[in-house]
Structures are given as C-alpha cells and as structure tokens.
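Single-letter residue listing:
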Amino acid sequence: MVSQTIRRYLPASLEAYANLPRRYALTRRAGRERSAHEELLEQLALLDAQMGKVAEAIHRGDEQALRDQGRFLRDRFGGSGLDLS
C-alpha cells in the first residue's frame, strides 16, 4: 500500500493537478462540484488517512513484538521461588 501510494497514487493526483493552469484549478467548477484544487486536497486527505492507518498497524505490530519480548524475558530470567541466590 505504501509503495503504491508513493509510486502511483500520489504522483497521479499531483500530475493531473499540475497539468491544469493555476487559475483554472483554483476557480473552475463543473456544475456544483469541487474545484480541481479542492479535489486535490480531498485526494491528499484520503491518502493521508490511509497512510495513518498503515502506520498505526505497523506501530501495533511493533508494540506487540516488544510485549512478546518482555514476556519472554520475564519467563526466562524472572526468577522463581526456588531461586537460591
């Protein structure tokens, strides 16, 4: 998802917007629809939200790995009631 966003989705949105004259992009509206500028902002917001979800999933995985490591270390080195030292 991240790779596709970086290589395809973001460049496609930016290129289509960049092809328009600035004045047209900021003011021209087809009927009651958004201007091209507003459309680009909407697309960027969608991509940003999706990347936020991806980051959250990665962070949850990293957090779980840390918890798993802590559990392992406590089991391995936490000691027991039979510890004679």
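For the structure itself, consult the block above.
Residues numbered from 1 in each chain as written. Predicted model: local features only at pLDDT ≥ 70, side-chain atom pairs only at ≥ 80, totals over all residues. Heavy atoms only, no water.

Colleague: Got a minute to help me understand the side chain of Ser13 in this structure?
Modeller: If you trace the backbone, Ser13 turns up in helix H1 (residues 2-18). Take Ser13: its relative accessible area is 14%, and that puts it in the buried class. Setting aside its immediate chain neighbours within four residues, Ser13 contacts Leu40 and Gln43. (Helix = DSSP H or I, 4+ residues; strand = E, 2+ residues; numbered from the N terminus. Buried < 20%, exposed > 50% of the residue type's maximum accessible area, 1.4 Å probe, protein only. Contact = heavy atoms within 4.5 Å.)

Colleague: Where do I start with the packing of H1 against helix H3 (residues 36-77) in this structure?
Modeller: The angle between the axes and the distance between the axes are what describe a pair of packed helices. Between H1 and H3, the shortest axis-to-axis distance is 10 Å and the interhelical angle comes to 170°. The orientation of H1 with respect to H3, classified from their angle, is roughly antiparallel. Side by side, H1 and H3 meet where Val2, Thr5, Tyr9, Leu10, Ser13, Leu14 and Tyr17 of the first sit next to Ala36, His37, Leu40, Gln43, Leu44, Leu47, Met51 and Val54 of the second. Residue composition of the contact of H1 with H3, by class: 11 nonpolar, four polar and no charged. (Axes fitted to C-alpha atoms, helices over the stretch in contact; angles between N-to-C directions. Parallel < 35°, antiparallel > 145°, perpendicular 65-115°, else oblique. Nonpolar A, V, L, I, M, F, W, Y, C, P; charged D, E, K, R; others polar.)

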